[in-house]
Every structure is written in structure tokens, then in C-alpha cells.
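Residue-level structure breakdown
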Amino acid sequence: MSIKKVISLASGLLLMLPMTVYADEVNGADTAWVLTSTALVLFMTLPGLALFYAGLVRAKNVLSVLMQCFAIACTVSIIWMVIAYGLAFGDGGSLNKIVGGGKILMSGIGLDSVSGTIPETVFFMFQMTFAIITPALAVGAFAERMKFSALLWFTALFMVLVYAPVCHWVWGGGWLADLGFMDFAGGSVVHINAGVAALVAALIIGNRNGFPDTPMPPHNMTLVVMGASMLWVGWFGFNAGSALTAGSSAGMAMVVTHISAAAGSLAWMACEWIRYGKPSVLGIVTGMVAGLATITPASGYVGPAGALIIGISAGVVCYFATQYVKRSLKIDDSLDVFTVHGLGGMLGLLLTAVFAASLDGLGLETSMGAQFVTQLIGIVATTIWCAVLCFIILKLIDKTIGLRVSTDEETEGLDIVLHNERGYTL
Amino acid sequence: MKLLIAVIKPFKLDDVRDALAEVGVQGMTVTEVKGFGRQKGHTELYRGAEYVVDFLPKTKIEIALDDDQVETAIEAIIKAAGTGKIGDGKIFVQELQQAVRIRTGETDSDAL
């Protein structure tokens, strides 16, 4: 053998060493996929959701929405690192059924820390992106009238008091997990929390001036569609990434996610077409979001046929709910967060029980009826906890620094008034 | 001198420009405006929130003319901008007191 061949053989063997050391713990494929999913889910917020919402508000408020989404990403990131990750996924000792603890400032999490088959740093990051998007979703409810400082305080308190505990109940070894509550990627943790926070906020902060008689159409539907498209792609990271492994579970999760998105889009589009005579692009993308939100909790448990029905149901149910809240109840949840995400999450959680056990679902450990009840318990618990705490947090902020800008400020537009900037200089 | 203001349908702008050039009108100022007369607006729908949009996009053309050019210009505009349907627009004629060409300082008819 020549010297060259010996050296290449030796380097080849040396390169394999790290893999043999970690083979029992960290899996390279799983890690790579969750790393990728983390990027995809952050992309859902920045710029997916940011653009989606930005296009839906009036031009004078476009920057305020972008600013809120961006600032939420930054704020949640720090809070997650400082305390919220531990509250969600740490060991809460005697309180562990309700909330976690420890891991303050990520202490104890180093290069060698492992969570399942991936490094804990990767798990930490992946979960952070979920924590980020939840309050960002709620922005839609109080858009165009909330003070930026109030929004920052709300985000911080929401993270610690609402998101982290609920996350712990469902995924961190808390009481809902013990009950067998099934929520694959965040129907309760993300969508119910966001939706209920949104509804409570919309009720407390009040309708926009001029709602519902003054027209407030979206100022840029092209941004909305761009953002929505990014949400669809990013959601593959959200649901398929929640498999936390790179394999068949992720593959099936991706399939059902996609089918539900497509079905939800067409269902909403059909409702609008029948009701109003013309299908709109806002309708089709909202249907897509509804389909995606609804499949989120079910994505690891149902089969493709179940996903088809889930998607169609999402499009139809969320469509009628949105009409009802907007036109009958006249609540200005400006970007329909509650009816699309909140109700979508609830519907999806219930349908998880139905379709895990039917139509090529991936199986249930208990009866459909029993699981349905468990899902209902989780839905009610999350809703009540979120509603009560958001009420307290928002009232507190309102009494101290105030939640809403003044009427004149609202008329002039938040971009100039709160940020001294213009979105467009045409 | 007269200032002729014509509000027309936007897609007719090129036809009107050509027609005016043919009768010897050499300059104009064009603005994008919104308005309505008897033409009905349309309804826009955003997730169940229905808005009636009355104001329709129109184009406003302003031309400064000598008195003897006004009739020909009006005829040319009517022929070029008309479709026969409601919403074709209107022409207004105003007295023009003075006109100045900035580059040379020429006034009135010499400035047109």
C-alpha cells in the first residue's frame, strides 16, 4: 500500500470516530432534520407571518405589524433562554405536574446535553420557534391600535405565565401528558393559546375606530399571499419537525399537513364562491391557514384520508365562525386569529381522537370516546387558563401604562406615531 | 384663453392624446383621480367584511387653449374618450387669466 492510501484510510477511520462515540445517543439524521425544521419555523414568523399580517392592515400601520413580529421574536428568544424553557421543559420538582423549572440561562445545557436523539440545544431552539410564533399570532387581534410598549410587556408575561405552563402540561411531562392528551405539534400550546389570547385582547382593547362601518381593506394583498406561502412551506417544519426524528413519522406528518392545507384552501374557497359568487385570494389563503392550524395537533396521529376530512372541516367551520364573529358579534379580532387558529386548534384536537382511530389513522391507545373526552379536557383547561391569565395580564398593563393609543394617534397611524417611520415613500 | 379640464376613463388616455395631437393641441397635464357621477361602484369582500367602493379610478386632463381651439378640442375628446356607456366622464371649461412659459418668459398665446 502507498503512503497516500494509508493516509486516506486513516483519515477516513478518524472521521468516523465522533459518530461511533455518539451512536447510541445523538442521531445525525434526526439532528439535521430538526435543525432544518427550526429554521423553517422561524421563517414562518420572520417573515411569513409578518408579511401575511402586514399586507392585511392599512398602509399607515404596515411597519407597526412588522415591528411587533420582529420584536416578539427577539423578546421571546431572550425570555425563553433566561427562564421559559426551563418552565416548559425542566423539572419542576413537587410542582412538576403544573410547571417545570431550572435551566435558568440554559445552565446545564452544553455540547453533550441530549434530548431524545438530538442535542438538547437543537430541541431548545426548535421549541423556541414555537414559543415565538404564538404571541406573534395574537398580534392579529389588536393590530392597528395597540401600544408597542404594552405589546412587549404582554409578550413577556404571556410567555412566562401562559405559554410555558401550558407547554409543560402537554409536552413537558405535566398533567395533560399524564392523561394521554394528544397534541402533536401545538393545537393547544400554540393555536388555542394564540386564539384565546387574541379574543380576550380584542375584547379588552376594543374595536378599531370606525369598525365595522368604515372600510379598512388590506393595503397590499400581494404581501399577504407571499406571507401565506411562506407559512405553508414553513409548516412542514412545524408539523413534520415535531416528529423530532427523520423518518416515517415525519414523512406521514408532512403528507397529512399538506393535504389538510390544500383541502382547507379549497373548502373555504368553495364556501366563498357559493356565498358571494366569486372566490377571493384572501379566502383561499385563509382557508389554507385554517387547514394547517387544524391538522397541527393531529399531524402525527392521523392518516391521509383523515387529513382530507380534517382540512375540509377546517375550511368550512372556520369560514362560518369568521363570518359570525365579524358580522354578527361585531368583535374586531382584526385578522381573525380566534376563528382561524383558536377554533382550528380546538377542532383539530377533537378530530385527532376521531381520525387516529379510523381511516388509516395511526392508532389510539384507548377508545375513541375516551380519547375524545381527554382532548376536551385539554381544550377546556388550556382555554380557561389562557383566558383568565390574559385577562389579568392585559388589565394590569392597561391600568399601568395603557394598552391602546389615543384616537388621534390611531387615525394618524402607528408607524408615524409609535415608530417615527413611514412604510412607503412613493 | 381657456383651461379645459376633462375627466375620462383611464384606458382612453392614449386615444385622447392622439386625437388632441391631430387637432393641433400640443401639451397637457395628466392626473390620476377618483370619482363618480352616475356610474355605480363595486363591492369588495375581505373575509366577510363587505365594502362598497364608490370612487372609481379616472384620469383628469388639463389643457390650456386659445379660445378658437376650444370647440375642436372638445369634439376630439368626445369622439376619442366616449364608449357610449355610463362613466365616460365630463369636460369643464374655465377662464384662463394668464399663461407663462417659464423658460422664455413668453406670455399668454405665445406660451401655449
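The structure this text deals with has already been given above.
What you see is a predicted model, and the numbers here were worked out from it, not measured in a lab.

This paragraph deals with the overall build of chain A. Tallying secondary structure elements over chain A gives 15 helices and two strands in all. For chain A, the spread of C-alpha atoms along the principal axes amounts to about 85 × 50 × 50 Å. Burial status across chain A gives 55% buried among its 426 residues. Across chain A, contacts joining residues at least 24 apart in sequence account for 78% of those joining residues at least 6 apart.

Another point: the environment of Val57 of chain A. With respect to the element layout, Val57 of chain A can be found in the loop between α2 (28-56) and α3 (62-89). Beyond its immediate sequence surroundings of up to four residues, Val57 of chain A is in contact with Val62, Val65, Ala143, Glu144 and His219 of chain A.

Let us look at the nonpolar core. Among the nonpolar cores identified, the biggest contains 146 residues, and Tyr53, Cys69 and Cys390 of chain A are the most heavily contacted of them. Among the elements that make up this core, the one with the highest residue count is α3 of chain A (16 residues). When sequence neighbours within four positions are dropped, the list of residues in contact with Tyr53 of chain A reads Val65, Cys69, Val139, Gly140, Ala143 and Leu335 of chain A. Grouped together as the second largest cluster of nonpolar side chains are 14 residues, Ala6, Val16, Ala64 and Ala76 of chain B included.

Once that is clear, we can look at the sheet that holds strand β6 (residues 89-95) of chain B. All names here are of chain B. Overall, antiparallel pairing links the four strands, which are arranged β2-β5-β1-β6 in an open sheet. In this open sheet, the two strands that pair with only one neighbour each are β2 (29-35) and β6. For this sheet, the mean inter-axis angle between neighbouring strands, taken without regard to orientation, is 25°. Sheet strands in contact with helix α2 (residues 70-81) are β1 (2-8), β5 (56-65) and β6, and its direction is about 5° off that of β1.

Time to look at the pairing of strand β3 (residues 42-46) of chain B. Residues and elements named next belong to chain B. Relative to strand β4 (residues 49-53), β3 runs antiparallel, the two being bridged by five bridges. Residue pairing across strands places Leu45 opposite Glu50, the latter belonging to β4. What sits between β3 and β4 in their antiparallel hairpin is a turn of two residues, with Arg47 showing a positive phi close to 45°.

Before going further, it helps to examine the environment of Asp360 of chain A. Residue and element names in this part refer to chain A. For Asp360, the position within the fold is in the loop between α12 (337-356) and α13 (368-400). Taking the C-alpha atoms as reference points, Asp360 and Gly306, 54 residues apart in sequence, are found 7.6 Å from one another. Those residues in contact with Asp360, other than ones at most four positions away along the chain, are Gly303, Pro304 and Ala305.

On to the interface of chain B and chain A. Contact residues are listed per partner, giving seven residues for chain B and 13 residues for chain A. Broken down by secondary-structure element, the contributors of at least two residues to the side of chain B that touches chain A are β3 and β4 of chain B. In terms of residue count, β3 of chain B provides more of the side of chain B that touches chain A than any other element does, three residues in total. The class makeup of the residues in the side of chain B that touches chain A is four nonpolar, one polar and two charged.

Turning next to the packing of helix α5 (residues 148-171) of chain A against α13 of chain A. Residue and element names in this part refer to chain A. Taken N-terminus to C-terminus, the directions of α5 and α13 make an angle of 155°; their axes are 10 Å apart at the nearest point. Viewed along their axes, α5 and α13 adopt a mutual orientation that is roughly antiparallel. The element α5 and its partner α13 pack so that their crossing is right-handed. Residue-level contacts link Ala150, Trp153, Phe154, Leu157, Phe158, Leu161, Val162 and Val166 of α5 to Thr382, Trp385, Cys386, Leu389, Cys390, Ile393, Leu394 and Ile397 of α13.

Now for helix α9 (residues 248-276) of chain A. Between the first and last C-alpha of α9 of chain A there are 42 Å, a value that for 29 residues agrees with the 42 Å anticipated at 1.5 Å per step. A positive backbone phi angle near 90° is found at Gly277 of chain A, which sits one or two residues after α9 of chain A.

Thresholds, definitions, all that
- Per chain, residue numbering runs from 1 following the sequence as it is written.
- All chains are assigned letters beginning at A, and all ligands numbers beginning at 1, according to the order in which they are written.
- Under the rules for a predicted model, residues below a pLDDT of 70 receive no local features and side-chain atom pairs below 80 are neither given nor counted, while totals for whole chains, interfaces and linings still include all residues.
- Helix and strand assignments come from DSSP, with helices taken as H or I runs of at least 4 residues and strands as E runs of at least 2, each series counted from the N terminus.
- Exposure classification rests on a simple neighbour count of other C-beta atoms within 10 Å of a residue's own: a residue reaching 20 or more is buried, one at 12 or fewer is exposed, and one in between is partly exposed. C-beta atoms are placed from the backbone.
- Each residue is represented by a C-beta atom placed from its backbone, and any two residues with such atoms within 7 Å are regarded as in contact.
- By convention the nonpolar core is taken to be a set of buried residues drawn from Ala, Val, Leu, Ile, Met, Phe, Trp, Tyr and Cys and joined through C-beta atoms within 7 Å.
- Two strands pair if DSSP finds at least two bridges between them.
- Angles shown run from 0 to 180 degrees and are taken between the N-to-C directions of axes, each axis being a line fitted to C-alpha atoms and, for helices, limited to the stretch in contact.
- Only Asp, Glu, Lys and Arg are considered charged, only Ala, Val, Leu, Ile, Met, Phe, Trp, Tyr, Cys and Pro nonpolar, and every remaining residue, Gly among them, polar.
- Should an angle fall under 35 degrees it is called roughly parallel, over 145 degrees roughly antiparallel, and 65 to 115 degrees roughly perpendicular, with every other angle called oblique.
- Note: crossing handedness is left-handed where the near helix turns anticlockwise from the far helix by less than a right angle, and right-handed where it turns clockwise.
- Multiply 1.5 Å by the residue count of a helix minus one, and that product is the helix's expected span.

None of this, on its own, says anything about what the molecule does.
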